[in-house]
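Listed below, chain by chain, are the residues.
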Amino acid sequence: MMLALITMAGQAQTKTVTVTGYSPALKDGTLVLAGAGMSGTVVDTVQSGRFAFTLPVEELTVGTLFLEGEGCPDLTFFLMMKPDVTVKLTGTDCLYPLWKVESPIPEQQTLNRITEHCRDVIKELIENEQNKDWDKLDSINMVFMKQEIDILPSLPVDAASLIVLWRISRPLKNMKDFPYMEELKSLEKSFAARAPKGFEDQLAEIHTYIYPPQVLQVGEEAADAELFDIQGNKHRLFDAFANGRYVLLDFWSIGCGPCRLSEPEMREVYGRMKDKLEIIGINQDNLSTWKNNDFSKSIVWKNWNDGKMGSSVASRYCDVGAVPYYVLISPDKRIIWKAVGYQPGYFLGMAESFNCPKQDNSSNLGLVVRHIEANADGTKVSFRYYTKKGYWFRIAKDSYLTANGKKYKLTAADGIKLDVDNFPEVNDFTAKEDYIGEINYSDFALTFEPFDTIPITFDFIEGDVEGAFVIRNVSVN
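Structural notes, computed from the coordinates. Bear in mind that the values here come from a model prediction, so they are computed numbers and not experimental data.

Attention now goes to the packing of aromatic side chains. All chains considered together, the criterion is met by 23 aromatic pairs. Relative to Phe347, the ring of Tyr326 lies with its centre 5.1 Å away and its plane at 80°, an arrangement referred to as edge-to-face. Taken together, the positions of Tyr326 in strand S14 (residues 325-329) and Phe347 in helix H13 (residues 346-353) put the pair 21 residues apart, joining distant regions of the chain. A relative accessible area of 0% means that Tyr326 is categorised as buried. For Phe347, a relative accessible area of 1% gives the class buried. With a centroid separation of 4.9 Å and an interplanar angle of 80°, the aromatic rings of Tyr408 and Phe451 are classed as edge-to-face. With a gap of 43 residues between them, Tyr408 in strand S20 (residues 406-414) and Phe451 in the loop between strand S22 (438-448) and strand S23 (457-461) connect regions that are remote in the sequence. For the pair Tyr408 and Phe451, one class covers both residues: buried. Put simply, the rings of Phe383, Tyr385, Phe393, Phe444, Phe448, Phe460 and Phe469 pair up and form one aromatic cluster. The ring centre of Tyr441 lies 3.8 Å from the NZ or CZ of Arg384, which sits over that ring.

In structure tokens form, the structure reads like this:
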């Protein structure tokens, strides 16, 4: 009897939402992905047009649904979830973002009204995605955003309307000349005035997207921030700058593939360079998704969140609202590198640079200046370049150094052919994960015209073309 009581108590503490769906058009084997948050996992497989699943939820939550199968659009569908509630979806086709949603949750009615108001443009988005007519995508998305902005003033301020306002506002950081900015500012002000208590953090995040603070750039001093770990302990960003270490900020999300792809190389470098490097992962998911994910729990460096899906810290450091986004900060709290996206070799190059002349690598951390010989005959700069086995790199014959207000031309190359593909052959790291495999490096040297006067620092510029390698403030001493 005691064992039975303990079992019943454990079951009573597990709160779930149930979601069912049916459409005769769905193909058997269609995957159903869902999550109580912004990312999901496979929760069911369609059979005879039907699917059903339960998810643990502790409170009202904005969840996601995605169907992966023949005829299904590549769109994520927002769905309100709440403990002890069954949500029923039905349709006659595979266009699940337009299906009927039956739910006792009031916030779901808010989403349903938005969907009905925007039905035609959502259908156009689906058709555009299926036809892969990418030239029209931006204009259709703009119409969609305008229709959402038009209906939101007539809706209650709740978790549903706020997630839509958040979705409209979030891309603005990367969008120039948004044509409906004044309407959006008025809408945000109205929401802030009408919102009931409890939505302060969401409103503050939306405000940072509409009125973004100045983003810190390479060369500027870093800004402190308050974050906390999975156990809820508070930390200051600047606390990580102990013992003269560099600090790498890793802005990441659980649903981001490249974020996970970078983890093996980061883990290798973190193990090698613990005395010189601290890594702070700043998660961009909601707290429940972040805390309960197995990958998140396996991270070996600092795994923190600001409780606002990383928005308060990202708004100061990230030029674009995409992940992974990396920021490398020197021991004297100066930003020396920023990048969006992951390229194999980034972190091995970063580790190498810590033992080399001081340098600010503002384009690709995989390329490192290792040694400098400057005399009256010329300036010889030794480099190392890291990348995935089988990948190539090029160095332009138009490369040059800048110092003393002048350009110094490239005169000779050793260990590399200029303006052609070069494939690194020396292995440095082999990951257990097949998708990373081997990361190799090449050593080579470039000789430039002699400096008129030996400078304190110089810049290396790999030609005046877009995407060129650039390494600034290379210390001669």
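The omega angle of the peptide bond from Val323 to Pro324 is 0°, so this bond is cis rather than trans. Structurally, Pro324 can be placed in the loop between helix H12 (311-317) and S14. One non-glycine residue with positive phi stands out, namely Ser48, at about 55°. Tracing the chain through its elements places Ser48 in the loop between strand S3 (41-45) and strand S4 (50-56). When its relative accessible area of 58% is taken as the criterion, Ser48 is described as exposed. In this structure, Asp419 takes a positive phi of about 60° despite not being glycine. As for its placement among the helices and strands, Asp419 is situated in the loop between S20 and strand S21 (426-430).

Cut-off values and rules
- Residues numbered from 1 in each chain as written.
- Predicted model: local features only at pLDDT ≥ 70, side-chain atom pairs only at ≥ 80, totals over all residues.
- Heavy atoms only, no water.
- Phe/Tyr/Trp six-rings, centres within 6.5 Å; stacked < 30°, edge-to-face > 60°.
- Helix = DSSP H or I, 4+ residues; strand = E, 2+ residues; numbered from the N terminus.
- Buried < 20%, exposed > 50% of the residue type's maximum accessible area, 1.4 Å probe, protein only.
- Lys NZ or Arg CZ within 6 Å of the ring centre and 35° of its normal.

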